[in-house]
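Listed here are the chains, written in short residue letters.
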Amino acid sequence: MLTFVLRRLLMLVPVIIGLTVIMFAIARLLPGDPVGLAAGPNATQAEIEALSREFGLDQPVWVQYWTYVSGLAQGDLGTSLATRRPVATDIAAYLPATLELVLAAMLIAVAVGIPLGLITAVWRNRWPDYLSQVMAIGAISMPRFFLGLLLQLGFAMWLMWLPLGGRFPIVMIPPPHVTGFLTLDSLLAGDMEAFGITMRYLALPSIAMSLSPLATIMRMMRASTIEVMQQDYVTTARALGLSNRRIICKYVARNAVSATLTVIGLYFGWLLGGTVLVETVFDWPGLGLYATRAIVSQDMMPVIGVALVIGVLFVLANLVIDLTYGLVNPRVRYT
Amino acid sequence: MTQGITVSRRGLMAMAGTSLAAASFPQSLFAQSGRNILIIAAGQDIPSFDPHTSSGYSASFLLRNTYDPLVRVAGIPPEPVPALADSWTVSEDGLEYVFTLNPAARFHSGAPVTAEDVVYSFNRALTLARGNAWMIRGIVTPEGMVAEGAGTVRFTLGVPYAAFLQVLPWIFIVEKAAVEANLGNDQGEAWLMNNIAGSGPFRVARSQAGTLFHLERTPEAWQAGGGNLDGVIWQIVRETASQRLMLQRGEVHMAVDLTSEDMDALEAAPGVVRVIEPEYRTFSIKMNTAHGPLADINLRKAISYATNYQAIIEAAGYADLMTGPLPDGILGHDPALEVYRTDLDKAREHLAQSAHPEGGITLRMVHVSGLEQQRRWALIMLDSLKALNINLEIVPMNWPDMVAACKSPETFPDLFPVYQTANYGDPDNIAYAAYHSSRNGAWQNAVYANPEVDALIEAARAEIDSEARVALYRRFQEMVVADAPDIFGVLERRKLGMRDVVQGYRFSPVASNAVEAWGLSLG
């Protein structure tokens, strides 16, 4: 198992190289004048050239690439052309917010999607099944940012139950920074009030993000449960007189979850890359917002940095999922 | 729970609802802070605190409140008022400015603000040559600045520069000793990016990039008067619709990026005050005067006459049509100037004199993709040009690509819509940036060049006598209109929304979204 994990971690190297090469190629191919833009409308030609030299952008692209990769080996993700802040510092500041949001959304999707999938499989072709099917199609086809706006309108404007956006009330001091996850940090500080507030801020954006994976997980779970329920061993168990509940919980659910896990892994990466719109609607200070701003000003270092981080997280998430297979199903061997 | 209390399910829901509402409803949060903290919703992050490299309205907000310049501007039209300098004299020939510093002025460290600090700050701005340094480039030189004792600074300008007092609000004074102590190898840039070495009424209490910037009043603020604010929060809210909702809910006291639609929606909102004021911000369509069919002046005039100005103003929301190249109300603007208005007969007359008397050509117009108003304008132009049998190809582009296209007349499109904000309240700002040929290759004036217009702009900026200056700008406007390099569009009004508890607000048409908080109170 250790070799399995190590081999998977080694896979990160080609992923990182591939991502950097692609991003550098895109940066080269894109038209536009990021240096002129960063220098401002009143800069002279000499100032633009000086800025270009300072950031090494007057060098051939392979020199730039080599400089970047050698910096990367030391954990340096470069400096933003627009803000002149180190990209690594910025990502460290924005990443926890995005991770917290994505994990919360995944948690909702899994905690609701899996049982719902089981239920609809058991009640196949009866009203709960039909109802959930219609709702799932709705949830998958509804754009997340639009759902976000609807949630804001309903819960923040009309009912006034939940805040409109942000991560924490701005006139209050957030719990001391430990993990960067406000939920965890407030628990660590033993501040239950702050925890409650954080959860309320987290509610709407994470629900908006969770619906689409929730629906997919539910449909996946339903399909694989139905498939498992037609297996011989289930029939055998029935014949042996085991209760339906016991069969479902003990045998069917476990096997059905294995197939669904793959979807969960894939969705993790999809959510990470797709937080942009939800983060914009809810002013959630995360990677998505950071990346959009950088893309708009063609500030390539942050864009490459975000792409790398998402790529690495994606690989790690799938590794975790693969390891979970073993927990769910002991017959899985890692070689 | 004690025995005997029965709560219906609906009652429980209602209780949960009200307790949630009580905990998350904004008023309770304001009360919790127990102090007068003004909250401003704005779309733009503050990338750096360095007063000599950062610009843009968000940085201007921070700098205006944490640093002091020699003079500020206030009122409509903006007039210089004392800041660090409590008085100044200007020599007859307009070359010598002597500023007397207010002896009460103190940096946050407690050290007095001296002439030495002023000279140091101007030199630092000139050396770094970024941010607002362009405003004084070629006008102020290191040799031309002398600290005479602790409280007097003498500037000897290389050339007379009429707008000098108007640009001074944007050159902020840093504490020399504080910067020198943290100089590093980058003129203290890394340190000033996150630290303040100023004398302004506020200092930074909390800063979370991308989320909020919290300024608190310095206990020993030396400035006399002011409002009752203990602090100001610049909260970053990217969506203008969210800014509007937060203003309506009372979660913020001010919103600075509202659209015309937001303003309409706020019309009857209780507790909300709308500020809709003319500002020096132009929105025009530049034409390629140097390359392609529009190098033909008759064709430019034909298009200028064919444009449907009524539709343009309607698409712009709260705005006024421009009369020529300068904004209304600014020094030298001629309201009686004769400009192009929709007149199809005249348009056809000029078309007949052009190289394409029958039309039959295709022009290319770009616009920033996603900017709805620019897209609408492109459609209006498409429709307007049909009358001349001219076709329009509309190309949405990213702003960086548009900037890159300005580099040469060959890559510059035929029609190019652009917003220009005056950075200081003087006609020189717009005249120089948008019509002087030295700006060719940059987006504010990619191609237009006329030596006579250049001469007028240079003469006007060096003219001290304000009547003579007005005459020069009158002539400048006539010449530009005669050349028809732009379709003069609209002056968009500044649209601010605020809660009625905000008191002491005075509008000024220069950078009004970079709110100066010193004079404001919460009632």
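Predicted, not measured: the structure shown is a model, and the values here were computed from it. (Residues numbered from 1 in each chain as written. Chains lettered and ligands numbered in written order. Predicted model: local features only at pLDDT ≥ 70, side-chain atom pairs only at ≥ 80, totals over all residues. Heavy atoms only, no water.)

Caption draft 1: Structural view of the overall build of chain B. Each helix and strand counted, chain B has 17 helices and 19 strands in total. Taking 523 residues into account, the globule formula puts the C-alpha radius of gyration at 24 Å, and chain B, at 26 Å, falls close to it. Relative to its full complement of 523 residues, chain B shows a buried share of 56%. (Helix = DSSP H or I, 4+ residues; strand = E, 2+ residues; numbered from the N terminus. Rg over C-alpha atoms; globule rule 2.2 N^0.38 Å. Buried < 20%, exposed > 50% of the residue type's maximum accessible area, 1.4 Å probe, protein only.)

Caption draft 2: Fine view of the pairing of strand E2 (residues 71–74) of chain B. In this structure, E2(B) lies alongside strand E3 (residues 79–82) of chain B, joined through four bridges in antiparallel fashion. Residue pairing for E3(B): Ala74(B) is matched across the bridge by Glu79(B). (Pairing = 2+ DSSP bridges.)

Caption draft 3: Quick peek at the UniProt feature "transmembrane region" (unreviewed entry) in chain A. Residues and elements named next belong to chain A. What UniProt calls "transmembrane region" (unreviewed entry) maps, in this numbering, to residues 9–30, 101–123, 144–164, 201–221, 256–282 and 302–328. Taken end to end, residues 9–30 is 91% helix and 0% strand, and its first and last C-alpha atoms sit 32 Å apart. For the annotated span residues 302–328, helix accounts for 100% and strand for 0% of the residues, and the straight-line distance between the end C-alpha atoms is 38 Å. (UniProt positions renumbered as here; feature names shortened; annotations may be inferred.)

Caption draft 4: Representation of helix H8 (residues 240–249) of chain B within the structure. Taken as a whole, H8(B) has its buried residues at Ser242(B), Gln243(B), Leu245(B), Met246(B), Leu247(B) and Arg249(B). Taken from the residues just after H8(B), Gly250(B) is the one with a positive phi, measuring 80°.

Caption draft 5: Representation of the UniProt feature "domain: Solute-binding protein family" (unreviewed entry) in chain B in the model. Mapped onto this structure's residue numbering, the UniProt feature "domain: Solute-binding protein family" (unreviewed entry) falls at residues 79–441 of chain B. Along residues 79–441 of chain B the backbone is 29% helical and 24% strand, and the end-to-end C-alpha distance reaches 33 Å.

Caption draft 6: The arrangement of the UniProt feature "domain: ABC transmembrane type-1" (unreviewed entry) in chain A in detail. The sites that carry the UniProt feature "domain: ABC transmembrane type-1" (unreviewed entry) are, in the present numbering, residues 95–325 of chain A. Secondary structure across residues 95–325 of chain A comprises 80% helix and 0% strand; the distance between its end C-alpha atoms is 27 Å.

Caption draft 7: Quick peek at the interface of chain B and chain A. In this assembly, 47 residues from chain B lie in contact with 39 residues from chain A. Here chain B packs against chain A, burying approximately 3,900 Å² in sum over the two surfaces, 59% of which is carbon and sulfur. Between the two partners, chain B and chain A, sit one salt bridge. Note that Asp283(A) is salt-bridged to Arg238(B), the shortest N-O span being 3.2 Å. Where chain B packs against chain A, one counts five residue pairs in polar contact (both at pLDDT 80 or more). A per-class count over the side of chain B that touches chain A returns 25 nonpolar, 10 polar and 12 charged. (Contact = heavy atoms within 4.5 Å. Buried area = accessible area lost by both parts, 1.4 Å probe. Salt bridge = Lys/Arg side-chain N within 4 Å of Asp/Glu carboxyl O. Polar contact = N/O pair within 3.5 Å; in protein donor to acceptor, adjacent residues only side chain to side chain. Nonpolar A, V, L, I, M, F, W, Y, C, P; charged D, E, K, R; others polar.)

Caption draft 8: Just the domain arrangement of chain B, in detail. Residues and elements named next belong to chain B. Domain assignment breaks chain B into domain 1 (9–66 + 200–278 + 494–522), domain 2 (71–178) and domain 3 (281–492). Taken over C-alpha atoms, the centre of domain 1 sits 35 Å from the centre of domain 3. Listed per partner, the contact involves nine residues of domain 1 and nine residues of domain 3. Summing both partners gives a buried area of about 660 Å² for domain 1 against domain 3, and 49% of it is carried by carbon and sulfur. Where domain 1 touches domain 3, the interface holds one salt bridge. For Lys495, the salt bridge is made with Glu492, and the minimal N-O distance between the two is 3.6 Å. Linking domain 1 to domain 3 there are two residue pairs in polar contact (both at pLDDT 80 or more). In terms of residue count, helix H9 (residues 260–265) provides more of the side of domain 1 that touches domain 3 than any other element does, four residues in total. Along the lines of polarity and charge, the residues of the side of domain 1 that touches domain 3 split into three nonpolar, one polar and five charged. (Domains from an automatic or database assignment.)

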